[in-house]
Amino acid sequence: MAESRKNEVAAAPFRAEVDETLLHAVAAEPATANTKEIYKALAYVARSQLASRWVNTQVEDRKKKARRVYYMSMEFLIGRTLDNALSAIGLRESAAAAFADAGGPSLAEILECEPDAALGNGGLGRLAACFLDSMATLELPSWGYGMRYEYGMFAQSIVNGMQIEHPDSWLVDGTVWEFPRPGTVFPVRFGGSAEHHGEWAEWNAAEAVEARAFDYVIPGHGTERVSTLRLWKADAPAQIDLNAFNSGDYARAAEFKNRFENISWVLYPNDSTPAGRELRLRQEYFFVSASLQDITFHHLEEHNSLNNLADQIAIHLNDTHPAIAVAELMRLFCDEYGMLWPMAWSQCQRIFSYTNHTLMPEALETWPVSMIQQVLPRHMLIIYRINLEFLAEVERRFPGDMDLIRSVSLIDEGDGSEGSKRVRMAHLCIVGSHRVNGVSQLHSDLMVRTIFAGFAKLYPERFHNKTNGVTPRRWLAQANLDLAALLDRSIGGDWRLDLERLRKLRPLAGDAAFRADFAAAKRNNKIRLADYIRRETGVVLNPDSLFDVQVKRIHEYKRQLLNVLHVVSRYNAILHGLDADAAPRCVIFAGKAASSYHMAKQIIRLINDIAIMINSDPRVRDRLKVVFIPNYSVSIAELIMPAADLSEQISTAGTEASGTGNMKFALNGALTIGTEDGANIEIRDNVGSENIFIFGNNAQQVEILRRSGYDPRAIYQNNPQLNETLNKIDGGFFSPQERRRYHDLFNSLVNYGDHYLLLADYGDYVEKQGRIDALYKTPDEWQRKAILNVAGMGPFSSDRTIREYAIDTWNLGASLKKA
């Protein structure tokens, strides 16, 4: 009672400040304000404190002339901001207490008013957001640079089982969290022609668009430092064609504005058309050019010369989307500032570093030479010169090795015709950087053995590993309040800033009382998720059943379809009365398919068709439920991760670079079933092989299997369980209105090579699922293993990853906050 009274007293002045803000900033009467108005006022209170910290941070960095790191990424999936902001400035408990009375909305209800910032799609953007959090927390002088998408990629709904895409209008009501910078505007040019004049060239561009800056503050935790995420919006140089408007041609008047501003409308426009592909290239160059102009402008304010730029900044390229930055910085150095090419190139290589995120050759970004010549003619000339000098170096070091030259050339010659030539953007990143990393040990090892073997031969010292990590502030402290409170009571709260402290949990795995509290926290989270699923989909889940979760971008290599095969096999076992040893299970899917990715969309539709059949079959009851949660986002992930019992990380070995969902699930007490792929291997090594379910062929076995003549049809014919499962899908059992609906899916697995080896891994996968059932039916042992998973997640903090980058890549070790 005394503690409750103390919280009420502490909350009173905070509530008064929110009420004052409601009146003067939101223009709402505090006594009658609705939940959205209260959200806005509360956000303004937090924002004002962050703004003050942000200004102080910038003043301090300028005073010190600090070396800075600039992180360039097409995606920053920062999710909702208010909860993180309140936590960072130490006001979350005050806010919760201030809105605890029954007469108004709770803090949880207020937080729900904020839409997710639609600035990304998948793991790439979530990783970038974690890194920004860690950079600020570790007190690195750091900025993120990206795009201010007006609509994000798309909002997903499920209609008749199918994914339907809608505009994701996250900015329709504006956002409290951005700071427009009307004085920060740069021209970004496109098209025209370029002519050489000795060491420099003249670019006669055909058109220009204005890049306008909008800043988001990224608060550190346990520090006053606030970092900056600067996003660029495209603006037409003139808002409308006034002559067309005055002559009554209103459509043409608006077309002028739209032709320029569509650059920052939508994340990843559909690239199945030439116009869509060109728009993507324009997007990438737009944000890179604006960012580099901004960086050089501020550097010159502090130093009056670009000759020391490499001494004062590091620029990190998150995947190949910002790769054109290499050519753009050379253009700025040589054409705009008159620097000689050798000095410019030396600085360029010292400034840039690059993270690769894929091992699949087909996923490595390339652009037609003809398109770059049309859109960025000056940059094509620069790329040709970089390539010419680079290949001359290769020839000097390895005379006559044409295979090596072909493999590392920045230009893929195709069939030799002009129209088939393409620029390899990953190659441009590698040649233009001093450090290149993969994102898990397996990925980094395979990277230098396979797709970049030629470069590793040339520059072995350039390649290294930086295993991904996640921020424990968002993904445990904020997403899982019950577990976080239990950890605080049991081992103290220092784990938020030093995740290695979770090791202290290991002896508690043997403590029956702690296991009971741990299980209770998990069950509370499952009830929350089940309630959300009931509201959103109408499907009722039993929180005492095993929550089996696979949530990620829908893609064939991530093998949601393998999960589906197990679900159907499980359903068949129930119908045949062969499920006596199985634990009740709810299989939960979520994720978006790219709008032009037909096969991924078919997988979503199949999941929903199967869900309808199984969930409505009275013979199944609560023994098996299937649900697809629409419109997966960061905030939905924060609801799902703490509730999962089982984490499905089942990509074909050698295809997933790292993954971060695997880390978030384990951090929240889920056991993992996974292949030896990405960071799964390192998770196994840290939590113990006996506390994870690894199955299937490893990367070396996958390679051998493919070389030896893999025959999926033979597996299909010789495994009765698999045969029945695939025949049901192919025969229209789940799509009686359209029996051939999934024939292409069936063919891709049985008759067309099963490229991602689902059938090769099916038997072992199903066998491990049986072991999972047996373990779940012994709750004490399940909880013990789940606790040991949490205890082993110390190395997977993004703080650890950023420390390694700061020391090994960015030369910022001296700026790091002392542990």
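Residues numbered from 1 in each chain as written. Predicted model: local features only at pLDDT ≥ 70, side-chain atom pairs only at ≥ 80, totals over all residues. Heavy atoms only, no water.

A. Region of interest: the overall build of the protein chain. Per the secondary structure count, the protein chain includes 33 helices and 22 strands. Viewed in the frame of its principal axes, the protein chain has a C-alpha envelope of about 80 × 75 × 65 Å. The buried share among the 819 residues of the protein chain stands at 60%. Across the protein chain, the fraction of contacts at a sequence separation of at least 24, relative to all contacts at a separation of at least 6, is 75%. The centroid of the 90 positive side-chain charges in the protein chain is displaced by 2 Å from the centroid of its 102 negative side-chain charges. (Helix = DSSP H or I, 4+ residues; strand = E, 2+ residues; numbered from the N terminus. Buried < 20%, exposed > 50% of the residue type's maximum accessible area, 1.4 Å probe, protein only. Contact = heavy atoms within 4.5 Å. Lys, Arg positive; Asp, Glu negative; His and termini not counted. Charge placed at Lys NZ, Arg CZ, Asp CG, Glu CD.)

B. Just the environment of Thr471, in detail. In this structure, Thr471 sits in the loop between strand 16 (463-465) and helix 19 (472-478). C-alpha of Thr471 to C-alpha of Asp799: the two residues are 328 residues apart in sequence and 7.0 Å apart in space. The contacts of Thr471, once residues within four sequence positions are left out, are Cys130, Asp133 and Ser798. Here Asp133 takes part through its side chain, which lies 2.9 Å from a polar atom of the side chain of Thr471. (Polar contact = N/O pair within 3.5 Å; in protein donor to acceptor, adjacent residues only side chain to side chain.)

C. Broad picture of the pattern of salt bridges. The full count for this structure, using the stated rule, is 65 salt bridges. Between Glu60 and Lys63 there is a salt bridge whose closest N-O contact spans 4.0 Å. With Glu60 and Lys63 both in helix 2 (residues 35-64) and 3 residues apart, this pair spans about one turn of that helix. Residue class for Glu60 comes out partly exposed when judged on its relative accessible area of 31%. Here Arg212 and Asp235 are joined by a salt bridge, their closest N and O atoms 2.7 Å apart. Of this pair, Arg212 sits in strand 8 (residues 207-219) while Asp235 is found in strand 9 (residues 226-235), placing the two residues 23 residues apart along the sequence. Accessibility expressed as a relative area gives 9% for Asp235, which makes it buried. Shared partners join several salt bridges into a network, and the residues in it are Arg181, Asp215, Arg230 and Asp294. (Salt bridge = Lys/Arg side-chain N within 4 Å of Asp/Glu carboxyl O.)

D. Region of interest: helix 9 (residues 274-303). Here helix 9 contains 30 residues, and its C-alpha end-to-end distance of 43 Å stays within 8% of the 44 Å for a straight helix at 1.5 Å per residue. Of all the 30 residues making up helix 9, 22 are buried; the element is thus mostly covered by neighbouring parts of the structure. Directly beyond the C-terminal end of helix 9, a positive phi value near 65 degrees is found at Asn304. (Expected span 1.5 Å × (residues − 1).)

E. Seen up close, the layout of surface pockets. Within this model, the second largest pocket holds a volume of roughly 1,300 Å³. When residues of the lining of the second largest pocket are traced back to their parent elements, those giving at least two are helix 3 (82-88), helix 4 (92-98), helix 5 (107-111), helix 19, helix 20 (481-491), helix 21 (512-537) and helix 24 (634-640). Split into classes, the residues belonging to the lining of the second largest pocket amount to 22 nonpolar, 9 polar and 17 charged. (1 Å grid on protein atoms, 1.4 Å probe; cavity = no way out; pocket = protein on both sides within 12 Å on 5 of 7 lines; lining within 4 Å. Points joined across faces, edges and corners; volume = space filled by probe spheres on them. Nonpolar A, V, L, I, M, F, W, Y, C, P; charged D, E, K, R; others polar.)

F. Just the confidence of the model for the protein chain, in detail. When pLDDT is averaged along the protein chain, the result is 95, and 97% of the positions lie at 70 or above. Low pLDDT, under 50, characterises residues 1-7; the stretch is placed with 1 contact to residues that sit more than four places away or in other chains. (pLDDT = per-residue confidence, 0-100.)

G. Examining the sheet that holds strand 16 more closely. What the 9 strands build is an open sheet, ordered 5-8-9-2-1-10-11-15-16; its pairing is mixed. Lying at the two open borders of the sheet, with one neighbouring strand each, are strand 5 (178-190) and strand 16. Within this sheet the neighbouring strands show an average axis-to-axis angle of 25 degrees, counted without direction. Pairing of strand 1 (residues 68-72) with strand 2 (residues 142-147), which is carried by 4 bridges, proceeds in the parallel orientation. (Pairing = 2+ DSSP bridges. Axes fitted to C-alpha atoms, helices over the stretch in contact; angles between N-to-C directions.)

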